[in-house]
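What follows is the residue order along each chain.
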Amino acid sequence: MGLGGCIILIAVGAILTFATDWDMQGVNLDLVGIIFMIVGLIGVATFSSIARRRRVVVPSATPVIDEERHHHRDGYGGV
């Protein structure tokens, strides 16, 4: 489940909790909405921590040296 799925879960949970007044026998829609929002928040936190770990860039310790330029200092192709 990606970031979009987590945001949809949060939105559906908020709609069920705050915007509806349906009564279903045996089902508490407010509790279902809160559960959806919690699962969505856990998913967003997990997704962001995984994405943060993937973006780690390790700088190179040694500089890149162009070998062609350093071998031909006198301008001739020979030694």
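In case you missed it, the structure is sitting above this.
Residues numbered from 1 in each chain as written. Predicted model: local features only at pLDDT ≥ 70, side-chain atom pairs only at ≥ 80, totals over all residues. Heavy atoms only, no water.

> Looking at this structure, I do not really get the overall build of the protein. What am I missing?
On a plain count of helices and strands, the protein comes out with three helices and zero strands. Going from N to C terminus, the protein has its helices and strands arranged as α-α-α. Every one of the 79 residues in the protein was classed for burial, and the buried ones make up 13%. Taken as a whole, the protein presents about 6,900 Å² of accessible surface, with 65% of it coming from carbon and sulfur. (Helix = DSSP H or I, 4+ residues; strand = E, 2+ residues; numbered from the N terminus. Buried < 20%, exposed > 50% of the residue type's maximum accessible area, 1.4 Å probe, protein only. Areas by Shrake-Rupley, 256 points an atom, 1.4 Å probe, with all protein chains shown as cover.)

> Would you mind showing me how to read a nonpolar patch on the surface here?
On the surface, Ile8, Val12, Leu31, Ile35, Phe36 and Val39 cluster together to form a nonpolar patch covering roughly 490 Å² of accessible area. For the nonpolar patch, the elements supplying multiple residues, two or more each, are α1 (3–19) and α2 (29–54). No other element matches α2, which puts four residues into the nonpolar patch. Mapped onto the secondary structure, Val12 falls in helix α1. Of the residues examined, Val12 reaches a relative accessible area of 35% and is grouped as partly exposed. (Patch = residues over 30% accessible without salt bridge, like charges linked within 9 Å, V, L, I, M, F, W, Y side chains within 5 Å. Salt bridge = Lys/Arg side-chain N within 4 Å of Asp/Glu carboxyl O.)

> What is the right way to read the packing of α1 against α2 from this model?
When two helices pack together, their arrangement is given by the angle between the helix axes and by the axis-to-axis distance. Packing of α1 against α2 brings their axes to within 7 Å, and their N-to-C directions diverge by 155°. Accordingly, the angle class assigned to the pair α1 and α2 is roughly antiparallel. Crossing of α1 against α2: the hand is left-handed. Across the contact of α1 with α2, the residue classes tally to 17 nonpolar, five polar and one charged. (Axes fitted to C-alpha atoms, helices over the stretch in contact; angles between N-to-C directions. Parallel < 35°, antiparallel > 145°, perpendicular 65-115°, else oblique. Left-handed = near helix turned anticlockwise from the far one by under 90°. Nonpolar A, V, L, I, M, F, W, Y, C, P; charged D, E, K, R; others polar.)

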